[in-house]
Amino acid sequence: NPYRPVETFWETIPVSVQATYGFTEQMLAMPGRLIAGTLSPEEAQMGGPRTIWILFQQAVAKDSESRDPATGGASPQPSYYTLLLIISLTISVGVLNLLPIPALDGGRIFMSLIEIVIRRPIPGRYQTAINSIGFVVLLVVLGIFYIKDFISPVAITLP
């Protein structure tokens, strides 16, 4: 999104909502695009803490460079990579948290919807078992992604 100064805070709300919707839509469409072949597996890799750290280093360096007159920066339109990265991470965590995965908020919402449909509560032992299994699977998957991230981090270079 191009940088454009605004007069009031209220002018930012429609642009923010539109950008959040677009980012969320792209994120949720990613598995379908992978299956359809319109997105390569390299473009859809998940990054862990090391990749995020590398991206933050790049973002801060680019932002500092765009504001430093000694390096030819201090342009009328400085870059905002760090802010955009923070926004992207916040939206990503929010969307992933709402997926119907046991042990996450989306899993609890899904269980509540099941209770609404069957019109009685799911027994506690089943909820505990489902959440425990989901939590263990989630930890294993995250562990695999984190190990992969430290062995071979995703190579992303900011423009």
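Nothing here was measured: the structure is a model prediction, and the numbers come from that model. (Residues numbered from 1 in each chain as written. Predicted model: local features only at pLDDT ≥ 70, side-chain atom pairs only at ≥ 80, totals over all residues. Heavy atoms only, no water.)

Draft legend 1. Representation of the overall build of the protein chain within the structure. Counting its secondary structure elements, the protein chain contains five helices and zero strands. For the protein chain, the sequential pattern of α-helices and β-strands runs α-α-α-α-α. Expected size for 159 residues packed as a compact globule is a radius of gyration near 15 Å; at 20 Å, the protein chain overshoots this value by more than 25%. Principal-axis analysis of the C-alpha atoms gives the protein chain an extent of 65 × 45 × 30 Å. Within the protein chain, the fraction of its 159 residues that count as buried is 18%. Taking the intrachain contacts of the protein chain between residues at least 6 apart in sequence as the baseline, contacts between residues at least 24 apart amount to 51%. Surface summary for the protein chain: the accessible area is close to 11600 Å², and the carbon and sulfur share equals 70%. Counting 10 positive and 11 negative side-chain charges, the protein chain places the averaged centre of each group 13 Å from the other. (Helix = DSSP H or I, 4+ residues; strand = E, 2+ residues; numbered from the N terminus. Rg over C-alpha atoms; globule rule 2.2 N^0.38 Å. Buried < 20%, exposed > 50% of the residue type's maximum accessible area, 1.4 Å probe, protein only. Contact = heavy atoms within 4.5 Å. Areas by Shrake-Rupley, 256 points an atom, 1.4 Å probe, with all protein chains shown as cover. Lys, Arg positive; Asp, Glu negative; His and termini not counted. Charge placed at Lys NZ, Arg CZ, Asp CG, Glu CD.)

Draft legend 2. Quick peek at the packing of aromatic side chains. Going through the model one piece at a time under the given rule, you end up with one aromatic pair. Ring centres of F9 and W10 lie 5.3 Å apart, and the angle between their planes is 70°; on these two criteria the pair is classed as edge-to-face. The two residues F9 and W10 agree in class, both being exposed. When the ring centre of Y126 is taken as origin, the NZ or CZ atom of R125, which lies over that ring, is 4.9 Å away. (Phe/Tyr/Trp six-rings, centres within 6.5 Å; stacked < 30°, edge-to-face > 60°. Lys NZ or Arg CZ within 6 Å of the ring centre and 35° of its normal.)

Draft legend 3. Fine view of the packing of helix α2 (residues 49-67) against helix α3 (residues 81-97). With their axes 7 Å apart at the nearest point, α2 and α3 run at an angle of 150° to one another. The angle between α2 and α3 falls in the class roughly antiparallel. Facing I52, L55, F56, A59, V60, K62 and D63 of α2, the residues of α3 in contact are Y81, T82, L85, I86 and L89. Residues of the contact of α2 with α3, tallied by class, amount to nine nonpolar, one polar and two charged. (Axes fitted to C-alpha atoms, helices over the stretch in contact; angles between N-to-C directions. Parallel < 35°, antiparallel > 145°, perpendicular 65-115°, else oblique. Nonpolar A, V, L, I, M, F, W, Y, C, P; charged D, E, K, R; others polar.)

Draft legend 4. The side chain of D63, seen in detail. You can see D63 is positioned in helix α2. By relative accessible area, which is 9% here, D63 ends up buried. At 3.4 Å, the side chain of D63 forms a polar contact with the backbone nitrogen of Y80. (Polar contact = N/O pair within 3.5 Å; in protein donor to acceptor, adjacent residues only side chain to side chain.)

Draft legend 5. Inspection of the side chain of T24 at higher detail. Relative to the elements of secondary structure, T24 occurs in helix α1 (residues 12-36). The class for T24 is buried, based on a relative accessible area of 19%. For T24, the side chain forms a polar contact with the main-chain oxygen of T20, separated by 2.8 Å.

Draft legend 6. Here's a closer look at α1. A rise of 1.5 Å per residue sets the reference length of α1, with its 25 residues, at 36 Å; its end C-alpha atoms lie 35 Å apart and thus fit the reference within 8%. Taken as a whole, α1 carries its principal kink of about 45° at M30; the proline P31 stands between one and four residues after it. At the exit of α1 stands G37, carrying a positive phi of roughly 85°. (Expected span 1.5 Å × (residues − 1). Bend = angle between axes of the 7 residues up to and from the residue.)

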